Amino acid sequence: MSAGIRRVGVVGGGQMGAGIAEVCARAGLDTVVCEADATAARAARERVAASLDRAVRRGRLEPGAARDTLARMVFTGSLDDLADRQLVVEAVIENADAKTEVFAALDKIVEDPAAVFATNTSSLPVMRLGRATSRADRVVGLHFFNPVPVLPLVEVVASLHTAPETVAAVENFATRTLGRTVIHSRDRAGFVVNALLIPYLLAAVRMAESGFATAADIDTGMERGCAHPMGPLKLADLIGLDTVAAIAESLFDEFREPLYSPPPLLRRMVEAGLLGRKAGRGFHTYDQG
């Protein structure tokens with residue numbers, strides 16, 4: 001089946017959704033990006049175009065390839081435009097109700113009973129999303145990492161309902177069509193990467209919160225002392241502090257381990273709209289120009 005996936009839909013054109021759509025279109029696929037409305041769809045197109053321009057400037061992509069990539073993409077504000085898709089990847093806000101609503105709607109709209117529904121969730125149970133549809137055997141986790149065009153890893157997550165052939169099709173699609181590296185995880189909060197990463201990020205937040213060290217020194221310590229390419233608080237800012245908090249909440253809800261509990265400082269920053277790089281300010285400040 002994976003060899004036959006040529007029509008892909010992505011629901012959500014934010015940082016992650018735009019990146020997923022871009023890599024699909026760069027792989028030669030007919031790609032439709034669905035946003036909440038026409039205005040958001042135009043913003044998603046601008047986001048992809050800016051990413052392609054950066055790739056060209058950095059010598060990672062030829063100008064002609066960038067133009068061809070954008071030409072393969074359609075940006076819409078209507079889920080109905082995904083009716084003929086063979087694979088739909090959900091990449092909306094990390095909120096169970098919002099994601100469940102998307103899957104329930106797709107179940108009624110997507111015509112091919114063999115189509116695969118994938119979620120890019122960082123932490124929510126795949127089975128819960130699958131049960132919002134009449135085809136839970138065709139629902140799978142397909143978790144990309146930010147920035148999607150640069151980071152090669154994808155986590156493939158099967159729920160208790162996901163059919164083995166669905167997993168095989170998605171793995172083949174990710175590796176052969178998109179050129180990604182795949183790891184597998186059971187359907188548990190955080191999967192592999194975030195179950196390891198989030199406690200580390202939260203420990204850095206607690207260190208800054210306590211006044212033990214500044215955000216700059218914490219990041220420099222891990223970059224220069226442990227050869228990490230990016231310090232934990234810079235990384236949290238890149239992911240988005242709202243997303244970090246949402247993943248932490250999901251992990252804590254499932255495991256009830258204190259190391260997963262979001263620190264008060266993180267909650268307050270989210271409440272204040274200090275979400276990191278996308279907001280221009282988090283633990284560090286960023287040029288929005």
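Residue numbering note: each chain is counted from 1, following its sequence as written. Reporting of local features is limited, given that this is a predicted model, to residues whose pLDDT is at least 70; pairs of side-chain atoms are given and counted only at 80 or more, and all residues count toward the totals for whole chains, interfaces and linings. Here the side-chain values reflect all heavy atoms present in the structure, with hydrogen atoms and water set aside.

S.K.: How should I be thinking about the overall build of the chain in this particular structure?
M.R.: Put simply, DSSP H or I for four residues or longer makes a helix, DSSP E for two residues or longer makes a strand, and each gets a number counted from the N terminus. Each helix and strand in the chain was counted, giving 11 helices and eight strands. For the radius of gyration, the atoms used are the C-alpha atoms, and the globule rule reads 2.2 Å times the number of residues raised to 0.38. A compact globule built from 289 residues should have a C-alpha radius of gyration of about 19 Å, and the chain, at 19 Å, falls within 12% of that. Seen along its three principal axes, the alpha-carbon backbone of the chain occupies a region of about 55 × 45 × 35 Å. Each residue gets one of three labels from its accessible area relative to the maximum for its type: buried under 20%, exposed over 50%, partly exposed in between, using a 1.4 Å probe on protein chains only. For the chain, the residues scored as buried account for 49% of the 289 residues in total. Should any heavy atoms of two residues lie within 4.5 Å, those residues are considered in contact. Put simply, 67% of the contacts in the chain that link residues at least 6 apart link residues at least 24 apart. What sets the accessible areas is the Shrake-Rupley method with a 1.4 Å probe; for residues, cover comes only from the shown protein chains. Looking at the chain as shown, the accessible area adds up to about 13,300 Å², and 52% of this sits on carbon and sulfur atoms.

S.K.: Help me understand the side chain of Thr76 in this model?
M.R.: The topology assignment puts Thr76 in strand β3 (residues 73-76). By relative accessible area, Thr76 is classed as buried at 8%. A polar side-chain atom of Thr76 sits 3.1 Å from the main-chain amide nitrogen of Ser78. Excluding residues that lie within four positions of it along the chain, Thr76 makes contacts with Val32, Val33, Cys34, Glu35, Ala41 and Asp81. Polar contacts here mean pairs of N or O atoms no more than 3.5 Å apart (in protein, one a potential hydrogen donor and the other a potential acceptor; neighbouring residues in sequence count only if both atoms are side-chain atoms).

S.K.: Teacher, can you tell me more about the pattern of salt bridges here?
M.R.: Side-chain pairs of opposite charge can arise whenever the charged atoms involved come near each other. Put simply, a salt bridge is a Lys or Arg side-chain nitrogen that is within 4 Å of an Asp or Glu carboxyl oxygen. Counting across every chain of the model gives 12 salt bridges. Its salt-bridge partner being Asp107, residue Arg135 comes within 2.9 Å of it at the nearest N-O pair. Pair noted here: Arg135 is in the loop between α5 (126-130) and β6 (139-144) and Asp107 is in helix α4 (residues 96-109), with a separation of 28 residues, a long-range link. When sorted by exposure, Arg135 lands in the same class as Asp107, which is buried. Put simply, Arg7, Asp30, Asp84 and Arg85 are held in one network by salt bridges that share partners.

S.K.: In this structure, what is going on with the layout of surface pockets? I would like to understand it.
M.R.: By rolling a water-sized probe across the atoms, one finds the places where empty space is left. When its volume is computed, the second largest pocket comes out at roughly 260 Å³. Elements supplying a minimum of two residues to the lining of the second largest pocket: α7 (193-210) and α9 (232-239). Grouping the constituent residues of the lining of the second largest pocket by class yields nine nonpolar, two polar and no charged. Cavities and pockets are found on a 1 Å grid laid over the protein atoms alone: a cavity is a set of points where a 1.4 Å probe fits but cannot escape, a pocket is an open set with protein on both sides within 12 Å along at least five of seven lines, and a lining residue has an atom within 4 Å of such a point. Grid points are joined across faces, edges and corners, and a volume is the space filled by probe spheres set on the points. Nonpolar residues are Ala, Val, Leu, Ile, Met, Phe, Trp, Tyr, Cys and Pro. Charged residues are Asp, Glu, Lys and Arg, and all others, Gly as well, are polar.

S.K.: Hey, could you run me through the packing of helix α10 (residues 241-255) against helix α11 (residues 264-271) in this one?
M.R.: To describe two helices that pack against each other, one gives the angle between their axes and the distance between the axes. For helices, the fitted axis covers only the stretch in contact; all axes are lines through C-alpha atoms, and the angles between them, taken along N-to-C directions, range from 0 to 180 degrees. At a minimum axis separation of 9 Å, α10 and α11 run at an interaxial angle of 130°. By the angle between their axes, α10 is oblique relative to α11. The handedness of the crossing between α10 and α11 is left-handed. Across the interface between the two elements, Leu241, Asp242, Val244, Ala245 and Glu249 from α10 touch Leu266, Arg267, Met269 and Val270 from α11. A class-by-class count of the residues in the contact of α10 with α11 yields six nonpolar, no polar and three charged. Working definition: roughly parallel below 35 degrees, roughly antiparallel above 145 degrees, roughly perpendicular at 65 to 115 degrees, and oblique for all remaining angles. A clockwise turn of the near helix away from the far one marks a right-handed crossing, whereas an anticlockwise turn of less than a right angle marks a left-handed crossing.

S.K.: In this structure, what is going on with the packing of helix α2 (residues 38-57) against helix α3 (residues 63-71)? I would like to understand it.
M.R.: Between α2 and α3, the least distance of the axes is 9 Å, while the angle of their chain directions is 165°. Overall, the two elements α2 and α3 adopt an arrangement that is roughly antiparallel. The interaxial crossing formed by α2 with α3 has right-handed handedness. Where α2 approaches α3, its residues Arg45, Val48, Ala49, Leu52 and Val56 are matched on the opposing element by Pro63, Ala66, Thr69 and Leu70. The residue makeup of the contact of α2 with α3, split by class, is seven nonpolar, one polar and one charged.

S.K.: Honestly, α4 in this entry has me stumped. Any pointers?
M.R.: Look at α4: 20 Å from first C-alpha to last across 14 residues, which is about the 20 Å you get at 1.5 Å a residue. Taken as a whole, α4 has its buried residues at Ala96, Lys99, Val102, Phe103, Leu106, Asp107 and Ile109. Where α4 begins, one side-chain oxygen reaches toward the backbone nitrogen of Asp97, 3.0 Å away; that side chain belongs to Asn95. Here, expected helix span is obtained from the residue count minus one, scaled by 1.5 Å.

S.K.: Before we go on, may I ask you to explain the pairing of strand β8 (residues 181-186) in this structure?
M.R.: On a regular strand, each side chain points to the face opposite its neighbour's, so the side chains alternate between the two faces of the sheet. Here, any two strands with at least 2 DSSP bridges between them count as paired. One ladder, built from six bridges, connects strand β7 (residues 153-158) with β8; its direction is parallel. Note that in β8 the partner of Val157 across the bridge is Ser185. In this view, the connection linking β7 to its parallel neighbour β8 by way of helix α6 (residues 164-177) has right-handed handedness. A crossover counts as right-handed when, viewed with the strands pointing away from the observer, the path leading from the first strand over the helix to the second turns clockwise.

S.K.: Please explain the sheet that holds β3 as it appears in this structure.
M.R.: To summarise the sheet geometry, strands pair through backbone hydrogen bonds and adopt either a parallel or an antiparallel arrangement. With mixed pairing, the eight strands of this open sheet are ordered in space as β3-β2-β1-β4-β5-β6-β7-β8. Single-partner strands in this sheet number two, and they are β3 and β8. The sheet shows a mean angle of 25° between the axes of neighbouring strands, direction not considered. Across the sheet, α2 lies against β2 (30-34) and β3, angled at about 150° from β3, the strand it touches most.

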